[in-house]
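# Overview (structure and organization)
The residues making up each chain are set out below.
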Amino acid sequence: MHYFKQLEEILLAQEPKNKFELFEIFYKEFKKTTIDFLDSYQIKNIKEPSYQNILNIVPPSEAKPRKYVNTKEGKAFLLHTIAHIEYSAIDLALDAALRFKGLPRKYYEDWLEVAEDEIRHFLMIEKLLNELGTKYGDIPVHTNLFEAMVLTPDLLSRMAVVPRYLEANGLEQNPKIMEKLKSNPDQFNKKILNALNIILEEEITHVQKGDKWFKFECKKQKLNPESTYLEILEKVYPGSTNKKYNINFEARKQAGFSCNELKFLSKQESCL
Ligand SMILES: [Fe+2]
Ligand SMILES: [Fe+2]
């Protein structure tokens with residue numbers, strides 16, 4: 001099996017259906033094959049998102065989610081936003097499994113498992129979107145998550161920024177959306193709530209994986225994980241460590257954040 005070459009093809013695949021089919025075949029083969037994770041294949045630098053020809057890309061300011069979940073349009077907008085986050089997360093997981101060579105097999109298993117989760121999340125949300133008569137691609141999208149991938153070409157910054165910052169922020173965003181849906185408890189919003197519940201549980205495991213490999217690399221490079229994390233965040237997103245985060249303490253602790261880190265991020269005295 002030419003692990004890197006085949007996985008790169010999947011990452012570059014432009015059509016979601018095609019990407020998922022290729023992934024399914026690849027993942028089955030991966031599970032029963034021994035792989036050379038140091039093979040000489042040259043991985044391409046990716047400058048454009050795989051979805052650039054199938055989605056309408058606009059600046060983030062024009063792709064802000066609408067705040068109402070009590071109208072059909074508001075629900076469709078919310079679901080489309082989540083679908084795009086999940087779709088972008090598929091490529092991010094594939095890229096994590098592709099970009100960095102010579103790591104333990106468990107590393108690749110972890111990120112392929114995340115890719116499989118993200119595909120399932122996307123399909124779950126897409127199904128609900130379709131029930132409203134909207135398709136993925138009907139609403140403009142931004143490329144924020146793809147840009148995070150480009151800004152983090154090395155393992156250490158990738159693990160810090162993608163799972164341990166962006167996906168970790170999702171652990172706070174998700175319950176906020178759930179609250180809004182709970183205060184508009186119609187039948188359809190209950191279905192969205194169910195899907196978001198599943199996603200939240202599984203996202204904790206994605207952050208956990210990021211935490212594990214971030215610390216693995218810190219240890220290898222003899223770096224202090226807590227200070228290194230903040231240094232990387234400041235470098236990639238200047239000003240981000242001065243902000244006060246509305247932390248989901250329980251989820252973040254499960255994901256591997258220390259009490260010190262949570263106090264710093266929440267600007268609170270305690271991490272209880
Ligand atoms: Fe997800
Ligand atoms: Fe995720």
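Each value, and the rule that gives it
Residues numbered from 1 in each chain as written. Chains lettered and ligands numbered in written order. Predicted model: local features only at pLDDT ≥ 70, side-chain atom pairs only at ≥ 80, totals over all residues. Heavy atoms only, no water. Helix = DSSP H or I, 4+ residues; strand = E, 2+ residues; numbered from the N terminus. Rg over C-alpha atoms; globule rule 2.2 N^0.38 Å. Phe/Tyr/Trp six-rings, centres within 6.5 Å; stacked < 30°, edge-to-face > 60°. Buried < 20%, exposed > 50% of the residue type's maximum accessible area, 1.4 Å probe, protein only. Donors = N, O, S within 2.8 Å, 3.2 Å for Na, K, Ca; no water. Tetrahedral: all angles 85-135°; square planar, octahedral: opposite > 155°, others 65-115°. Contact = heavy atoms within 4.5 Å. Core = buried A, V, L, I, M, F, W, Y, C linked by side-chain atoms within 4.5 Å. Salt bridge = Lys/Arg side-chain N within 4 Å of Asp/Glu carboxyl O. Lys, Arg positive; Asp, Glu negative; His and termini not counted.

## Quick look at the overall build of the chain
Looking only at helices and strands, the chain features 10 helices and 0 strands. What you see in the chain, going N to C, is helices and strands ordered as α-α-α-α-α-α-α-α-α-α. At 19 Å, the chain has a C-alpha radius of gyration in line with the 19 Å of a compact globule built from 272 residues. For the chain, the spread of C-alpha atoms along the three principal axes comes to 50 × 50 × 35 Å.

## Here we look at the packing of aromatic side chains
According to the stated counting rule, one finds 21 aromatic pairs in the structure shown. Arranged with centres 6.4 Å apart and planes meeting at 20°, the rings of Tyr 27 and Phe 30 form a pair that is stacked. Of this pair, Tyr 27 and Phe 30 both sit in helix H2 (residues 16-31), 3 residues apart, roughly one helical turn. Overall, Tyr 27 belongs to the buried group, its relative accessible area being 9%. Using a relative accessible area of 2% as the deciding quantity, one classes Phe 30 as buried. Both rings, one in Tyr 165 and one in Tyr 237, keep their centres 5.6 Å apart while their planes meet at 35°; by these two values the pair is tilted. Of the two residues, Tyr 165 is situated in helix H6 (residues 155-182) and Tyr 237 in the loop between helix H8 (225-236) and helix H9 (249-255); the sequence distance between them amounts to 72 residues.

## Thoughts on the coordination of the iron ion (ligand 1)
Protein coordination at the iron ion (ligand 1): the donors are Glu 86 (OE), Glu 118 (OE), His 121 (ND1) and Glu 203 (OE), at 2.0 to 2.3 Å from the metal. Angles of 89 to 154° at the metal separate the 4 donor atoms of the iron ion (ligand 1), which places the site in the irregular class. In the primary sequence, the donor residues of the iron ion (ligand 1) line up as E-x31-E-x2-H-x81-E.

## Observations regarding the coordination of the iron ion (ligand 2)
All of the protein donors around the iron ion (ligand 2) are Glu 118 (OE), Glu 167 (OE), Glu 203 (OE) and His 206 (ND1); their distances to the metal are 1.8 to 2.2 Å. Its 4 donor atoms give the iron ion (ligand 2) angles of 88 to 152° at the centre, a pattern that matches the irregular case. Along the chain, the residues donating to the iron ion (ligand 2) are arranged with the sequence spacing E-x48-E-x35-E-x2-H. The metal-metal distance between the iron ion (ligand 2) and the iron ion (ligand 1) is 3.7 Å, with Glu 118 serving as a donor to both. Taken together, the positions of Glu 118 in helix H4 (residues 105-131) and Glu 167 in helix H6 put the pair 49 residues apart, joining distant regions of the chain. Accessibility classification places Glu 118 together with Glu 167 in one group, the buried group.

## Here we look at the environment of Arg 66
With respect to the secondary-structure elements, Arg 66 resides in the loop between H2 and helix H3 (72-99). In this structure the C-alpha to C-alpha distance between Arg 66 and Thr 81, which are 15 residues apart in sequence, comes to 9.5 Å. Sequence-distant contacts of Arg 66, that is, excluding residues within four places in its chain, are made with Glu 73 and Phe 77.

## Points about the nonpolar core
Tyr 3, Leu 7, Tyr 107 and Leu 112 are the most contacted members of the largest nonpolar core, which totals 86 residues. With 13 residues, H3 is the largest single contributor of residues to this core. The residues contacting Tyr 107, other than those within four sequence positions of it, are Ala 96, Ala 97, Phe 100, Leu 155, Met 159 and Trp 213.

## Observations concerning the pattern of salt bridges
Scanning all chains against the criterion turns up 24 salt bridges. The salt bridge partner of Glu 109 is Arg 105, with a shortest N-O separation of 3.0 Å. With a gap of 4 residues between them, Glu 109 and Arg 105 both fall in helix H4, about one helical turn apart. Glu 109 gets classed as partly exposed once you look at its relative accessible area, which sits at 29%. In this structure, Asp 211 engages Lys 215 in a salt bridge whose closest nitrogen and oxygen atoms are separated by 3.0 Å. Taken as a pair, Asp 211 and Lys 215 lie in helix H7 (residues 187-220) at a separation of 4 residues, close to a single helical turn. Judged by its relative accessible area of 8%, Asp 211 falls in the buried class. What makes Lys 215 partly exposed here is its relative accessible area of 31%.

## Let's talk about the side chain of Glu 86
With respect to the helices, strands and loops of the structure, Glu 86 is situated in helix H3. Nearest to the buried, unbridged Glu 86 among oppositely charged side chains is Arg 120, at 9.2 Å. Not counting the four nearest positions on each side in its chain, Glu 86 is found in contact with Glu 118, His 121, Phe 122, Ile 199 and Glu 203.

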